[in-house]
Amino acid sequence: MNSILSTAVAYASPAVSLFSANSAYQSSTSKIVHLIRHAEGTHNLNEEESKLPLHFDAKLTEKGVNQCNELAKRTKDLNVEAIVVSPLSRTLDTAILSFPHLYGDSKNKKTVPFIAHEEWRETVNFLCDARRPTSVLQQQYPHICFNNLMNDEDDPIWAHYESIFGDYSAHLSKRESDDPISLYNRANSAWKVLLNRPEKNIALVGHSAFFMHMFTPLFEELNGVVKYEDASVAELMNSRFDNCELRSVKVDLHTG
């Protein structure tokens, strides 16, 4: 089974330590990570309607596009070296619109890698959380790297839970969010994606529920995905992300 869908026993220790971005802490493996929740999507307008096929792989609203344009005024000062992004449309578009100065053809301007990773997806519960085929994403987003999805043309996480619960009409309740051990292991895999990259300053465009499961977990099994190393970062991460909100932290392997 794909590691991001593992149902094995959860890891015994935290994946990462989080510090305030301006912390004096430094190591050869520490990084600055700018966590960004996607801008407003169509599924954010009505919780019940978000479960319908109309919002499959939900797209940005006009307000969401404007939120990205506002954020783009600030991102030029971040000096990011890579952008890791969930392969859902709302995060891909948020990444491109929020970092327009870094996206495109490297022959014409300075760019950085934009890399899609399945591990950083939203918790897969409803059709708004399902993704489109890899080949379709490659065609629409030619300057984003989808190599990490190449083993799965279709959505492997949705397919996994559909095999358990049935299609969207057969099961209208939560799917992955009721599978805390698998979520815990996916969260650990997600942090490894960032920590294994060579860059020291990375932007991450993701989702509020997946962030919540790591930073303010509801399930006992998810306690310890991260360890807060100072009171300031604990306070920063102790609330739900708004649409297109950016929070910067320092991240390192947990060695305790």
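Scroll up a little and you will see the structure.
Residues numbered from 1 in each chain as written. Predicted model: local features only at pLDDT ≥ 70, side-chain atom pairs only at ≥ 80, totals over all residues. Heavy atoms only, no water.

Draft legend 1. Focus on the sheet that holds strand β7 (residues 246–253). Taken in spatial order, the seven strands make up an open sheet running β4-β3-β5-β2-β7-β1-β6, and their pairing is mixed. Each edge of the sheet is formed by a strand with only one pairing partner; in this case those strands are β4 (114–116) and β6 (226–228). Averaged over all adjacent pairs, the angle separating strand axes in this sheet is 30°, with direction ignored. Pairing geometry for strand β1 (residues 16–20) and β7, over five bridges, is antiparallel. Bridge pairing in β7 places V16 opposite L253. In the packing of helix α5 (residues 180–195) onto the sheet, the strands contacted are β1, β2 (31–37), β3 (82–85), β5 (201–206), β6 and β7, and the crossing angle to β7 comes to about 85°. (Pairing = 2+ DSSP bridges. Helix = DSSP H or I, 4+ residues; strand = E, 2+ residues; numbered from the N terminus. Axes fitted to C-alpha atoms, helices over the stretch in contact; angles between N-to-C directions. Contact = heavy atoms within 4.5 Å.)

Draft legend 2. Main features of the pattern of salt bridges. Evaluation of the coordinates by the stated rule reveals 10 salt bridges. The partner of E229 in a salt bridge is K227, and the shortest N-O contact between them spans 3.4 Å. The partner of R247 in a salt bridge is E245, with the nearest N and O atoms 2.9 Å apart. (Salt bridge = Lys/Arg side-chain N within 4 Å of Asp/Glu carboxyl O.)

Draft legend 3. Local environment of the environment of H117. Its location among the elements puts H117 in the loop between β4 and α3 (134–140). Taking relative accessible area as the criterion, H117 reaches 8% and is therefore assigned buried. Separated by 30 residues in the primary sequence, H117 and P87 have C-alpha atoms spaced 6.3 Å apart. The contacts of H117, once residues within four sequence positions are left out, are V84, V85, S86, P87, N148, L149 and V193. (Buried < 20%, exposed > 50% of the residue type's maximum accessible area, 1.4 Å probe, protein only.)

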